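These are the residues of each chain, in order.
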Amino acid sequence: MSTEYKTVFASIDDYRKGGVQCLNEDPKRYAFSNLYEVAATNAPYDRIVVAKNLDYTIESVRAEGGSDWYVCAHDEFVVAMDYDVEVHYLKLEDESVIDDDKDGAFKLPTNTSGQEMGRIFLKRGHMALLPEKNAYRFHANRPSTLMIQSILGEESIEKWADICLK
Amino acid sequence: MTSVIKATVDNSVSGYQTFTVGTFSFNRDEYFAYINCPNGEYVMSIDDFLRALMRDVAWGFFYGTVAFDDVFGTINHYGNVDMYMGAQHQDWIVSERAYTENFKSDVLMGVFKSILSDWVNEGFDPFAAPQETGLAWGRKNGNEDALIDRQREVAKRMVGMPGDAPLRSDENGYSVNRAFADVDQEQPIIEAMPGFEGELSAFNFFGYLSRSDVTWNPSVVSVVRQSLFCPTTEEYILPIDHGNDRCEWFLQMSDEIIWDIKDKESHPIATVTMRAGDVSAMPGDIRHQGQSPKRSMLLVWENGSPEILEMIRNGTVPMVPVEF
């Protein structure tokens, strides 16, 4: 008889954090945090940097309700880590608001105009491209966790002392 | 230094070849690999040796140190590579047994590939979890060249996009792994407006991982300039200790991995236990080896920027990614 396995995922309302057990080491060097805990304890759509390598980032975001429109000069990628999230896309009427030399996402005004490109419905574990120079916004009916692959920008929030084990 | 005493290995009985590169030589018999250099001989269990060698080959010597164990390994200098015996073990260093020899990468890679081709017997897949493959032991019996020549998938932008690395499916030989039978396989729904059909892209990342046919072998699924998402599925023990030459990050997507952390002289310094959603940096001055009790999904995040190579050369690459 074949063995049955249960894959353990987590969510914004059900996670069990691990940790660092030190012999002769400083736990802060591991910048240990948890994507779901960060999403659970921060405001909707705050982009909290949980991993950083030079200027590249991975950001944890609490999706809840609708977000602002964002745009970015480079590609980004988003993964829905627990619950359903919609991503809406907009081809900007005026791309001159994008500075090619500026890294990271930035917010656009609420009345941003452009052509609707469509939307993607993400479930747990689904990854979507947030293509360069196209605006996007998120919508989630319940608090959910997003993981975003990006570059440090004006929306990125670093609060390592608050989120990491010490 | 005491004399070097070599074990007796008879290729005429085992059927395997002896391999030599520089002053190193490699022999195997039914149970062990024998590594010789001018300062001594070192013996490893053949299954551990082949699993480690497979990763060193598949990863192109990877970033920094690939330690087969506390004694033997390679250090990548990107174009050339050090092969060492004892150079990262305090007792070998103190007793002046430590030995290091530098090779052009393609020369050493050629020898390593030849060893795998000759020493891996039919039925043994060094990429596979122990429960999913045959045994490494015994005398020469065929080969598994098709398995050991597998190339890892490397996306240029994102897997599944036109012209990029393909998604995994039953049709292209990637069935859902036995340990991930409960992972949802539904793909995201994409509603593109007319004219934008080719511009919206998404895929089931966890489903893709559930179909990985190898363990401890990252592929690349998404790329932001030099930021590489390199997920992998893990089961049992990482066959090497990885001593990176730069910071990297691990993000646990499912289940649990326990990482043994050592300094670069093989002293244990910490244990990092990661559960679903946990994020941990791996500093650039440690070695790490993971243990995954159940097949798990791990996102390895690497920075492949050429500027890091220059920072490594001039000693300015940071050992930790952030300070607070």
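*Asks:* Got a minute to help me understand helix α2 (residues 46–58) of chain B in this structure?
*Replies:* In an α-helix, one full turn covers 3.6 residues, which means residues spaced three or four apart are oriented alike. Residues and elements named next belong to chain B. For α2, built from 13 residues, the straight-helix expectation of 18 Å at 1.5 Å per residue is met to within 8% by its first-to-last C-alpha distance of 18 Å. Burial runs high along α2: eleven of the 13 residues are buried. Here α2 has its buried residues at Ile46, Asp47, Phe49, Leu50, Arg51, Ala52, Leu53, Met54, Arg55, Asp56 and Val57. Downstream of α2 by one or two residues, Gly60 has phi in the positive range, about 60 degrees.

*Asks:* Just to check I follow, could you spell out the packing of aromatic side chains for this structure?
*Replies:* When we look at a pair of aromatic rings, we describe it by the centre distance and by the angle of the planes. Evaluation of the coordinates by the stated rule reveals 28 aromatic pairs over all chains. Judged by centre distance (5.8 Å) and plane angle (25 degrees), the ring pair of Tyr70(A) and Tyr136(A) falls under stacked. One end of the pair, Tyr70(A), is in strand β5 (residues 69–71); the other, Tyr136(A), is in strand β11 (residues 135–151), with 66 residues separating them in the sequence. Residue class for Tyr136(A) comes out buried when judged on its relative accessible area of 1%. Centroid distance Trp59(B) to Phe62(B): 4.4 Å. Interplanar angle 45 degrees. Geometry classified as tilted. With respect to burial, Trp59(B) and Phe62(B) carry one shared label: buried.

*Asks:* Help me understand the nonpolar core, please; the structure alone is not making it clear to me.
*Replies:* Nonpolar side chains tend to gather and get buried jointly when the protein is soluble and globular. If you look at the biggest cluster of nonpolar residues, it comprises 66 residues, and the most contacted ones within it are Phe24(B), Phe26(B), Phe49(B), Trp119(B) and Trp259(B). Taken together, domain 1 (11–148) and domain 2 (178–313) of chain B each give at least three residues to this core, which thus spans both. Other than its neighbours up to four places away in sequence, Phe26(B) contacts Gln17(B), Thr18(B), Phe19(B), Val21(B), Tyr34(B), Ile35(B), Phe49(B), Phe72(B), Met83(B), Phe112(B), Ile115(B) and Trp119(B). Membership of the second largest hydrophobic core comes to 47 residues, among which are Phe9(A), Ile151(A), Met158(B) and Phe206(B).

*Asks:* I tried to follow the environment of Gln17(B) on my own but got confused; where do I start?
*Replies:* With respect to the helices, strands and loops of the structure, Gln17(B) is situated in the loop between α1 (11–14) and β1 (19–21). Apart from residues no more than four positions distant in its own chain, Gln17(B) is found in contact with Asn11(B), Phe26(B), Asp118(B) and Trp119(B).

*Asks:* Where do I start with the interface of chain B and chain A in this structure?
*Replies:* For an interface, size is often stated in terms of accessible area lost upon the parts coming together. Listed per partner, the contact involves 75 residues of chain B and 68 residues of chain A. Taken over both partners, the interface formed by chain B and chain A buries close to 6100 Å², and the fraction arising from carbon and sulfur atoms is 61%. The three residues of chain B that bury the most area against chain A are Val224(B), Arg225(B) and Phe324(B), which together make up 13% of that side's buried surface. Counting every contact that joins chain B to chain A gives six salt bridges. Across the pair Lys91(A) and Glu199(B) runs a salt bridge, and its minimum N-O distance is 3.5 Å. Counting across the interface, chain B meets chain A through 33 residue pairs in polar contact (both at pLDDT 80 or more). Per element, the largest residue contribution to the side of chain B that touches chain A is eight residues, and it comes from strand β16 (residues 268–275) of chain B. Split by residue class, the side of chain B that touches chain A holds 47 nonpolar, 14 polar and 14 charged.

*Asks:* It is not clear to me how the side chain of Asp255(B) should be interpreted in this structure. Could you clarify?
*Replies:* Its place among the elements puts Asp255(B) in the loop between β14 (248–252) and β15 (256–262). Among the polar contacts made by the side chain of Asp255(B), one reaches the side chain of Lys294(B) at a distance of 3.2 Å. Beyond its immediate chain neighbours, meaning those up to four positions away, Asp255(B) contacts Lys6(A), Thr7(A), Val8(A), Phe180(B), Met274(B), Arg275(B), Ala276(B), Lys294(B), Arg295(B) and Ser296(B).

*Asks:* Would you take a moment to explain the pattern of salt bridges for this structure?
*Replies:* Any two side chains of opposite charge can pair if their charged atoms end up close together. Scanning the model with the defined rule gives 37 salt bridges over all chains in all. For the salt bridge of Arg225(B) with Asp103(A), the shortest nitrogen-to-oxygen distance reads 2.8 Å. Of this pair, Arg225(B) sits in the loop between β11 (222–224) and β12 (227–237) while Asp103(A) sits in the loop between β7 (85–92) and β8 (106–108), which puts the two residues in different chains. Assessed through its relative accessible area of 25%, Asp103(A) is described here as partly exposed. Between Glu153(B) and Arg168(B) there is a salt bridge, and its shortest N-O distance comes to 3.0 Å. With Glu153(B) in the loop between α5 (145–148) and β9 (189–192) and Arg168(B) in the loop between α5 and β9, the pair connects residues that are 15 residues apart, well separated along the chain.

Rules and cut-offs
- Residues numbered from 1 in each chain as written.
- Chains lettered and ligands numbered in written order.
- Predicted model: local features only at pLDDT ≥ 70, side-chain atom pairs only at ≥ 80, totals over all residues.
- Heavy atoms only, no water.
- Helix = DSSP H or I, 4+ residues; strand = E, 2+ residues; numbered from the N terminus.
- Expected span 1.5 Å × (residues − 1).
- Buried < 20%, exposed > 50% of the residue type's maximum accessible area, 1.4 Å probe, protein only.
- Phe/Tyr/Trp six-rings, centres within 6.5 Å; stacked < 30°, edge-to-face > 60°.
- Core = buried A, V, L, I, M, F, W, Y, C linked by side-chain atoms within 4.5 Å.
- Domains from an automatic or database assignment.
- Contact = heavy atoms within 4.5 Å.
- Buried area = accessible area lost by both parts, 1.4 Å probe.
- Salt bridge = Lys/Arg side-chain N within 4 Å of Asp/Glu carboxyl O.
- Polar contact = N/O pair within 3.5 Å; in protein donor to acceptor, adjacent residues only side chain to side chain.
- Nonpolar A, V, L, I, M, F, W, Y, C, P; charged D, E, K, R; others polar.

Function cannot be read off these values alone, since they describe shape.
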